[in-house]
Amino acid sequence: MSETPYPPGARILVRDAEWIVRTCAPLAYTQGFKVTAIGSSEFVRDEDGVFFTDIEDIELMRPEDTILEQDRTDHFAAGRLFLEAVLRRTPLPQTEKGLALSDRFLLDSLPYQLRPAELALRGLRPRILLADVVGLGKTLEIGLILAELIRRGRGERILVVTPQQVLEQFQHELWTRFSVPLVRLDSIGVERIQREIPAGRNPFTYYKRVIISVDTLKNEGKYGQHLEKLHWDAVVIDESHNLMGETTARNRLARLLSRRTDALLLASATPHNGDSKSFAELIRMLDPAAIADDERYSAEDIEHLYIRRTKISPEVRDRMGSRWPERGPSIPVRCAASPTEERIFDEFREVWLAGDQREGGPVVDQKHRLFPYTLLKSFLSSHVALAATVVNRVRSIDAEDKKAAKDKAVLRVKRDQNPLVELGKLVNEPPVARGPERDALLSLGRLVLEMTDDDSAKLTALTRQLADIGVAPGSATRVVVFSESVPTLEWLKRVLPERLGLTELGAIEIMHGGFSDTQQQEIVERFSLADSKVRVLLTGDVASEGVNLHKQCHHLIHYDVPWSLIRIEQRNGRIDRYRQKHNPQFKALILTSGVEDPREAKDDRLVAEKLLAKEESAHHSLGTAEAVTGEYRAEREERRLIQDLLAGKTVEESIEAHPAGDFLAGLLAGVGDEPANPDPLLATAPKLFDSTEEFVKEAIKELKLLGDLEDDGEMLAFAPPKDLIHRLSALPASYLRTHDIKERMKVTFNRGLAERKLEEARNSKTMWPDIAYLSDLHPLVDWVTDKVLVQLGRQKAPVVMADVTEPTFLIQGIYSNKLGQPTVVEWMAVTGSAVQDADMVEVLRRAGVGPRMINPDRPVDLAPLQELVKPAVDIARVHLEKRRAHYDAEVVRPLELYRERLTDWEQLTLDGARTKAQADRARRTADEQRRLLDSMQTTGEPLLRILAVLIPRGGHQ
């Protein structure tokens, strides 16, 4: 007996189903074994199984026991389809680093979008940080990586974690572009699965490919126990810069997931916060042994884990062409302050921003020294925003007094409250003595209450700008208006419809962080549909990360400008992105005082106008504004800028005082920017049929899978069988219902038609096209492949007449590692006493195996052939063992190189360890990585399988 009775890769029969062994370990207290396996036959395919030899009847399926069966179908369709199905279903081996599916999806041919997949496949495990700047198409790049993993049998269980507002957008892209369905677990999706699955059942085992928001998933009490027990093939975490900070729930979630997955894809346009230690923490989620010293590491340490390109990167710039029009200038629209606004400016200059120059000293204490600029920023947004800030601060001051209201939950103005009304109540309350700041706030509040909507210079300018752009009843023009202030957004929603004549319900939409996940998704979808009523989207910076707003819109107006270059760039990136059809146009409303010197005026010329110009300049010269200030988080940018203003510096002086040439900016700027090879490496995936379309259509015809099929040459339409409908259950119920998919399914292999239908969907009431593109990963293709595989019967092989001179046994040979991943895959043709030099597919081509074959349906004596089965298997086994040595060089060398790096890392870490706990952690990490390396080496006995036998057309003699 071999080292184990069921070696990895062996095919076993358990409970009348076929499985492929992953591991077989002896049990401590019995003579039995624990066998982990993955299902390979129809009803258990890709299911995980654990079996114990003491209680299960496990039968080892030996290739020598294969039963030959004459193929009597027209054109030998059964045999040809079976061979193609096996070729498609067999995962590509670990040694295949090229891309197998790069041209199989509804995508433009852009080599730069293939680079992340190329990088991911090159590593020991697919674990990378994808850090392309805003707009380059990171979702598509992620889709390509996942597709390649699925083709390799390493993408069955997928978890995608995103911000809540982009859940449907991400799900939509993965389905319409790649045909990969994800179950969306937003608030409605969670309620649905709670109704559909048994109580207490782990939802992540019930659904294998899931997309969920980070805020939902980080609920440790609800999902922690489920996540701890699961292992994923691939985890994607979008906007992963939000993971930094070891004490946050998001960080704990990410670290947990990083340990429970093979592939880990982190995506962020702002991949670090300027702190080398925080970035090292993120990198360690990908490779625990990549960085030894948090404060000193090189690009070489991380180049296998990280890729970042900008719009001016050579490969992006040279290949983009008309798919991404140049953006227009960022135009500052100056709005001269009204007399009422001038009085408020005077109050800021004389009281709030006078500092020590004010008689009686500053109105705020040292602890709140930044607050005057918070007030100013509120005013530069709107008088309503200023009213809310005043009310909230007064209530906070009152709550700090122990004699005041004990309920601090009432501190903030609620969404259903009008800040001006609340301010009026506050100002009219009996006076109390609680210090100069409260008095100054009420004085400012009285000035705010004197201001009407007609006194707002920005509102007047916005109305004019929207009219100039063409926003009006009957017009199709769309615009997105950004504001940092929720009160400003709510106010604009109240006052704009009448001023613009857009009084129809739904013409002006509002979105901010106070909306639920499903509300945000619905609003984004409506704004993306051509026939929806939305013309103006008023939104806060909840939409500045990841949300696509460019499909029907190329106008953006900053009602107020963030005091952060990063935030300005993120906002602009909502419409300035790949597949935008028009030149993006940007405007910003700049409130100006009559005081000529901006430093004295304290208006939008002081900061907003200068940052607007700086972001535009950085975009054209650097491709991104991220590193201009030397800060990498919007909040930190703004805080430091305010501190510098308090110190008497200008915006220019603040930026110059913190140049971008810091450690991380220099380290990461060009990683992945210049590809090593001009064209991405492509795989040579074996196939018998010329196309997926040819295979699917012949299988449907020969096996009579769809009784009512309509095929007009471009589109297939049919009533889907129940088992096919089940495979579509991951898709949104609204999509299935809108297009009546369960009653009549429409699909196409025609890329042009699929693109047109996708475009038509944007011009209809749903973003989901009624005709789906059939990529290699589409559930229909999977379903057809499974139907072909089960037709032949267990452990049988077809006998096919072809242009050969003697019987030729077609044999599949696979070696796997302990993880069940193929390391060696050989397609052999055994003739006589040797394996032919050509591989199986080439032998099939030479033998004329194809759709034009004629089957004479003449009976063949199979007994002599059956006697040749065992000798053919023996020959193939010897050949495969020799080939294993060849492949081992490719498999083992990268593992040994990493093992050497790991030893160096462990020693460096131990040398720098300050405590025993740090040293112990380093040793544990090294041991875990070594165990992983051991599991990735080829092990056990090979899987050998006779797939078919070719015999001379005259029959076997």
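See the structure above.
Before going into details, it helps to say that this report is about the structure given with it. Just so we're clear, the structure is a prediction, and the values are computed from it rather than from any experiment.

### Describing the sheet that holds strand E23 (residues 772-773)
Sheet strands pair via backbone hydrogen bonds, and the direction of the pair is either parallel or antiparallel.
Phase 1 of the analysis: If you trace the four strands from one edge of the open sheet to the other, you get E20-E21-E22-E23, paired in mixed fashion. Of all strands in the sheet, those bounded by a partner on one side alone are strand E20 (710-711) and E23.
Phase 2 of the analysis: Of the strand pairs in this sheet, E20 and strand E21 (residues 715-718) are connected by two bridges, and their pairing is antiparallel. Looking at the pairing, Asp 711 lines up with Leu 716 of E21.

### Quick notes on the pairing of strand E2 (residues 17-26)
Phase 1 of the analysis: Across four bridges, the pairing between strand E1 (residues 11-14) and E2 is antiparallel. Across the sheet, the residue bridging to Leu 13 is Glu 18, located in E2.
Phase 2 of the analysis: What sits between the antiparallel neighbours E1 and E2 is a turn of two residues, in which Arg 15 has the positive phi angle 55 degrees.
Phase 3 of the analysis: Where E2 meets strand E3 (residues 33-39), seven bridges bridge the pair, whose relative direction is antiparallel. By the bridge assignment, Pro 26 is partnered in E3 with Phe 33.

### What about the pattern of salt bridges?
Phase 1 of the analysis: Using the criterion set out here, one finds 73 salt bridges in the structure.
Phase 2 of the analysis: Each of Arg 62, Glu 64, Asp 65, Lys 870, Asp 874 and Arg 877 takes part in salt bridges that share partners, so that together they form one network.

### Some words on the side chain of Glu 148
Phase 1 of the analysis: Position of Glu 148 relative to the elements: it lies in helix H3 (residues 138-151).
Phase 2 of the analysis: Residues in contact with Glu 148, not counting those within four places in the same chain, are Gly 98, Leu 99, Ala 100, Leu 101, Ser 102 and Leu 121.

### Observations regarding the nonpolar core
Phase 1 of the analysis: By size, the foremost hydrophobic cluster in this structure holds 98 residues, and its most contacted members are Phe 348, Trp 352 and Trp 563.
Phase 2 of the analysis: A per-element tally of this core places helix H15 (residues 383-400) first, with eight residues.
Phase 3 of the analysis: Grouped together as the second largest cluster of nonpolar side chains are 84 residues, Phe 76, Ile 741, Leu 844 and Val 869 included.

### Focus: the packing of helix H1 (residues 77-89) against helix H31 (residues 779-791)
Phase 1 of the analysis: Taken N-terminus to C-terminus, the directions of H1 and H31 make an angle of 125 degrees; their axes are 9 Å apart at the nearest point. Considered as vectors, H1 and H31 are oriented oblique to each other. For the pair H1 and H31, the crossing hand works out as left-handed. Contact residues: Leu 81, Phe 82, Ala 85, Val 86, Arg 88 and Arg 89 in H1; Val 781, Asp 782, Thr 785, Asp 786, Val 788 and Leu 789 in H31.
Phase 2 of the analysis: Looking at the contact of H1 with H31 residue by residue, the class counts come to seven nonpolar, one polar and four charged.

Reading the values: rules and limits
Residues numbered from 1 in each chain as written. Predicted model: local features only at pLDDT ≥ 70, side-chain atom pairs only at ≥ 80, totals over all residues. Heavy atoms only, no water. Pairing = 2+ DSSP bridges. Helix = DSSP H or I, 4+ residues; strand = E, 2+ residues; numbered from the N terminus. Salt bridge = Lys/Arg side-chain N within 4 Å of Asp/Glu carboxyl O. Contact = heavy atoms within 4.5 Å. Core = buried A, V, L, I, M, F, W, Y, C linked by side-chain atoms within 4.5 Å. Buried < 20%, exposed > 50% of the residue type's maximum accessible area, 1.4 Å probe, protein only. Axes fitted to C-alpha atoms, helices over the stretch in contact; angles between N-to-C directions. Parallel < 35°, antiparallel > 145°, perpendicular 65-115°, else oblique. Left-handed = near helix turned anticlockwise from the far one by under 90°. Nonpolar A, V, L, I, M, F, W, Y, C, P; charged D, E, K, R; others polar.

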